[in-house]
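So you can see what is in the structure, the chains are spelled out below.
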Amino acid sequence: MGSVPATMMAWTKTRPEVGGFTLEEHAVPNPGPGEVLVQTQSTSVCGTDLHIWKWDEWSRENVPLGTVTGHETSGRIVALGEGVSSHAIGDHVAIECHLACWACPRCDEGNAHVCENGSIFGVHGHGAFAPYFVIPAINARHVPEGLDPGHASVQDPLGNAIHTLTGGPIDGATVAIHGLGPIGLFAVNAAKAMGASTVIAVDWDNTYRMNLAKELGADMVLGKDDDVVASILEATEGRGVDNSCEFSGAASALSNAIHSTRMGGYVNILSVYGQSMPEVPMNEVVFRYLHLKGINGRKMWSTWDTMHDLLARGAIDVDKVLTHRMSIEAFEDAVQLALTGDCGKVVLDF
Ligand SMILES: NC(=O)c1ccc[n+]([C@@H]2O[C@H](COP(=O)([O-])OP(=O)(O)OC[C@H]3O[C@@H](n4cnc5c(N)ncnc54)[C@H](O)[C@@H]3O)[C@@H](O)[C@H]2O)c1
Ligand SMILES: [Zn+2]
Ligand SMILES: [Zn+2]
């Protein structure tokens, strides 16, 4: 393991502009009570990191300048804070980035992912585009034995996909995935792994990702040249699918999802909608008795348990979604690549 240095170089959002990241020297943090110090092995690039790169309104309001970002990560524990007995030095962990208070009504009822006092690691405070970081021990999840650190690092988006899918039926069910970004691609593969009878994958015009969805097990792939609603109805004896998951952030995709879900079916929405708020066809929701659900983060810890079971069984084809691996030195190139969309997940290795 080697000894821990006093300082490190970390990718830091230093300037209020597009890009605006510099490699800065920071002290290696000390783990406080209940925290662990992790030596980073892999950190993947998330859509959130692209928002921070672009320095959009949300980023300006949420990310203090000077923050080391990066929240989808895995590594090995190199120091323990006072009172930590759940972990040992050398443990291989992946990070749940939602930091919860564990004391509010939401935490008490088992919804710590929407903690009333929550914050996000690598967004509101320092994260993991750095060789070391500190994190509450409870957020450092032990990973299945022998799992590749790159695979371990993408459990945040894989967990988003699984949490969204589990908002409705999967085993033996017909499932539609709208939006084939990294999370939608994981959802295609996880739906098949979790026993979906038919998976219909829908994107707009990203043929790279549409081809990947086919390789990941989609039974049908649709795009902008298709009548999405008519095609889904045709493939489901006119009923619509049991479980529609929305990962595109496009208003038209949400409308398509609602119009192509069966009576009494489930529409689960992880997407964050940008400037234009989607119009929701509410009468369809009401008269067709749809369950419309917003999804945020991952359930702590049932989503993680489901995910670990799938990963340990080798049921998820992580390598197909994880299309690019680069060294942390190439952080800026990795972001530029992710911005083009000609990729699945981009992982940076340390
Ligand atoms: N709620 C949460 O906790 C949470 C966490 C992470 C990400 N998100 C959100 O989840 C969504 C998915 O994230 P990602 O990184 O995989 O997304 P992404 O932006 O990489 O991919 C979106 C995909 O949707 C496709 N698309 C665009 N218009 C479409 C349309 N009309 N129909 C179908 N597909 C269309 C795009 O071509 C693209 O491939 C984003 O909106 C993101 O902000 C939410
Ligand atoms: Zn993320
Ligand atoms: Zn709380």
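Quantities reported herein were computed from a predicted structural model and do not represent experimental measurements. (Residues numbered from 1 in each chain as written. Chains lettered and ligands numbered in written order. Predicted model: local features only at pLDDT ≥ 70, side-chain atom pairs only at ≥ 80, totals over all residues. Heavy atoms only, no water.)

1. Topic: the pairing of strand E12 (residues 198-202)
To be explicit about the condition: The classification of residues rests on relative accessible area computed with a 1.4 Å probe and restricted to protein chains. Under 20% of the type maximum is buried, over 50% is exposed, and intermediate values are partly exposed. Per the convention used, a helix needs a DSSP run of H or I reaching at least four residues, while a strand needs a run of E reaching at least two, with both numbered from the N terminus. Pairing between strands is defined by DSSP: at least two bridges between the two strands are required. Call a crossover right-handed when, viewed with both strands pointing away from you, the route from the first strand across the helix to the second goes clockwise.
Counted residue by residue, E12 has 4 buried out of 5 residues, so it is predominantly covered. Inspection of the sheet shows strand E11 (residues 174-178) paired to E12 by 5 bridges, in the parallel sense. Within E12, the residue paired with Val175 across the bridge is Val199. Handedness of the E11-helix H6 (residues 182-193)-E12 crossover: right-handed. As judged from the 3 bridges shared by E12 and strand E13 (residues 220-222), these two strands associate in the parallel manner.

2. Some thoughts on the environment of Phe331
As a reminder of what qualifies: We call two residues contacting when some pair of their heavy atoms lies within 4.5 Å.
The topology assignment puts Phe331 in helix H13 (residues 331-340). Residues Phe331 and Trp11, spaced 320 residues apart in sequence, show a C-alpha to C-alpha distance of 7.9 Å. The contacts of Phe331, once residues within four sequence positions are left out, are Trp11, Phe21, Trp53, Phe129 and Leu348.

3. So, the packing of H6 against helix H7 (residues 207-215)
Each pair of packed helices can be described by the angle between their axes along with the distance between the axes. Applicable threshold: Throughout, an axis means a line fitted to C-alpha atoms (over the contacting stretch in the case of helices), and angles, computed between N-to-C directions, take values from 0 to 180 degrees. Working rule for angles: under 35 degrees goes down as roughly parallel, over 145 as roughly antiparallel, 65 to 115 as roughly perpendicular, anything else as oblique. Each crossing gets its hand from how the near helix is turned against the far one by less than a right angle, where anticlockwise is left-handed and clockwise is right-handed. Under the scheme applied, nonpolar residues are Ala, Val, Leu, Ile, Met, Phe, Trp, Tyr, Cys and Pro; charged residues are Asp, Glu, Lys and Arg; polar residues are all the others, including Gly.
One can describe the packing of H6 onto H7 by two numbers: an axis separation of 9 Å at closest approach and a directional angle of 20°. Relative to H7, the element H6 lies roughly parallel. Note that H6 runs across H7; the crossing there is right-handed. Mapping the contact onto sequence places Pro182, Leu185 and Val188 in H6 and Arg209, Leu212 and Ala213 in H7. The residue inventory of the contact of H6 with H7, partitioned by class, reads 5 nonpolar, no polar and 1 charged.

4. Notes on the site of ligand 1
Heads up, the rule is: Here a residue is near a molecule or strand as soon as one of its heavy atoms is found within 4 Å of it. Polar contact is defined as a pair of N or O atoms within 3.5 Å, subject to the rule that within protein one atom must be able to donate a hydrogen and the other to accept it, and that residues adjacent in sequence are counted only when both atoms are side-chain atoms.
Taken together, 22 residues lie near ligand 1, and Asp203, Arg209, Phe247, Leu270 and Gly297 sit nearest. In this structure, a nitrogen atom belonging to ligand 1 sits 3.2 Å away from a side-chain N or O atom of Ser252. At the level of secondary structure, the elements contributing two or more residues to the shell around ligand 1 comprise H6 and helix H9 (251-259). Of the residues in the shell around ligand 1, the class split is 11 nonpolar, 9 polar and 2 charged.

5. Details of the nonpolar core
Note the following rule: By convention a nonpolar core is built from buried Ala, Val, Leu, Ile, Met, Phe, Trp, Tyr and Cys residues, the set being connected through side-chain atoms within 4.5 Å.
In this structure, Leu165, Ile177, Leu180, Phe186, Val188 and Ile316 are the most contacted members of the largest nonpolar core, which totals 48 residues. If you list the elements that add at least two residues to this core, you get helix H5 (155-165), E11, H6, E12, H7, helix H11 (302-312) and helix H12 (318-321). The element that contributes the greatest number of residues to this core is H6, accounting for 6 residues. When near neighbours in sequence (up to four residues on either side) are disregarded, Ile316 contacts Leu158, Phe186, Asn189, Ala190, Ala193, Leu310 and Leu311. Trp11, Val45, Val63 and Ala338 belong to the second-largest nonpolar core, a separate cluster that totals 19 residues.

6. A few points about the side chain of Thr164
Here Thr164 lies in helix H5. Using a relative accessible area of 0% as the deciding quantity, one classes Thr164 as buried. Those residues within four positions of Thr164 in sequence are excluded, and the remaining contacts are Cys245, Phe247, Asn268, Leu270 and Ile295.

7. Brief notes about the coordination of the zinc ion (ligand 3)
Worth spelling out the cut-off: Donor atoms (N, O, S) are those found within 2.8 Å of the metal centre, with the cutoff raised to 3.2 Å for Na, K and Ca; water is not part of the atom list, so apparent gaps in a site can occur.
Summarising the metal site, the zinc ion (ligand 3) is bound by the protein donors Cys101 (SG), Cys104 (SG), Cys107 (SG) and Cys115 (SG), whose distances to it range over 2.3 to 2.4 Å. Each donor residue of the zinc ion (ligand 3) belongs to the same chain, and together they define the spacing C-x2-C-x2-C-x7-C. The residues Cys104 and Cys107 share a single accessibility class, namely buried.

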